[in-house]
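Here's the letter readout for the chains.
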Amino acid sequence: MSLSVWKSSKKQIKFLVDLHLEELSSVPFVSGVIFAKLRLLNGGNFRKVSDREEIVEHRVCWNSHFEFECKLTATLTTGILDPSYCRVSVRREAQGGKSFQKLGFADINLSEFAGGTPQSRSYLLEEYTSSARANNALLRITISMKVKEGDFCFKVPLPTGPSYLEPISGTEKPDSEEGQTEKESHQGEHSRQSSSSDSGVVR
């Protein structure tokens, strides 16, 4: 398919993303300094590094907000948003801060957060190589996204990947509908419907 044909079958929507990097729990170390590198894999040029924080009782707390723009695409016929990933790479300082050790990463599909209320999730870190030591560290984030430019009518895909869904307290749970395979976001209300459970492990 040529680039011109691909563009004609897609619509672009620009979002303003607020990513709240909260904490890393179940860290497999007693002490050390941990930081995270955030970057968009597609849809923009965002790239930032978090503060460096000490491990306290196998936990690292950042409580940092990152705001950036991201362009998402959606198919004209279905309106379903295409995947767009922000990678959070977690690293531990080594050699007094002169070097670092990569502990793992989480690829966050921003399309799953588009146009709705803030959502919190915890992601199990993935190892960079098969030979790396497995760990059960959980990265907790909260994301909210608002349309900045483009069509307000789109559909949000269901959550996928190794994440644990944690709904924000005080927000309504989406209504279940048999046969529904995606959540739809409408102008104004951006209501959502889904056949999946609101919480639990997503495989």
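Here the structure is a predicted model, which means the values were calculated and not measured.

### Examining the confidence of the model for the protein chain
- Taken over all residues, the pLDDT of the protein chain has a mean of 81, while the share at 70 or more is 73%.
- Contacts from residues 169-203, a stretch scored under 50 in pLDDT, to residues over four places away or in other chains number 80 contacts.

### Some remarks on the state of the cysteines
- Inspection of the entire model under this criterion finds 0 disulfides.
- Among the cysteines around Cys70, which has no disulfide bond, Cys86 carries the closest sulfur, lying 8.3 Å off.
- You can call Cys70 buried: its relative accessible area is 0%.

### Focus: the pairing of strand E9 (residues 138-149)
- Pairing between strand E1 (residues 10-25) and E9: 11 bridges, direction antiparallel. Bridged to Leu19 within E9 is Ile143.
- With 6 bridges connecting them, strand E8 (residues 119-124) and E9 associate as antiparallel partners. Among the inter-strand pairings, Tyr123 is bridged to a residue of E9, identified as Leu139.

### Things to note about the nonpolar core
- In terms of nonpolar packing, the biggest core is built from 41 residues, with Leu21, Leu24, Leu110 and Leu139 touching the most fellow members.
- Those elements that place two or more of their residues in this core are E1, strand E2 (33-40), strand E5 (60-75), strand E6 (85-94), strand E7 (99-109), E9 and strand E10 (154-157).
- The greatest single-element share of this core, amounting to 7 residues, is contributed by E5.
- Residues in contact with Leu24, not counting those within four places in the same chain, are Ile34, His58, Arg59, Val60, Trp62, Val90, Leu125, Ala137, Leu138 and Leu139.

Quick notes on the rules
- Residues numbered from 1 in each chain as written.
- Predicted model: local features only at pLDDT ≥ 70, side-chain atom pairs only at ≥ 80, totals over all residues.
- Heavy atoms only, no water.
- pLDDT = per-residue confidence, 0-100.
- Contact = heavy atoms within 4.5 Å.
- Disulfide = S-S within 2.5 Å.
- Buried < 20%, exposed > 50% of the residue type's maximum accessible area, 1.4 Å probe, protein only.
- Pairing = 2+ DSSP bridges.
- Helix = DSSP H or I, 4+ residues; strand = E, 2+ residues; numbered from the N terminus.
- Core = buried A, V, L, I, M, F, W, Y, C linked by side-chain atoms within 4.5 Å.

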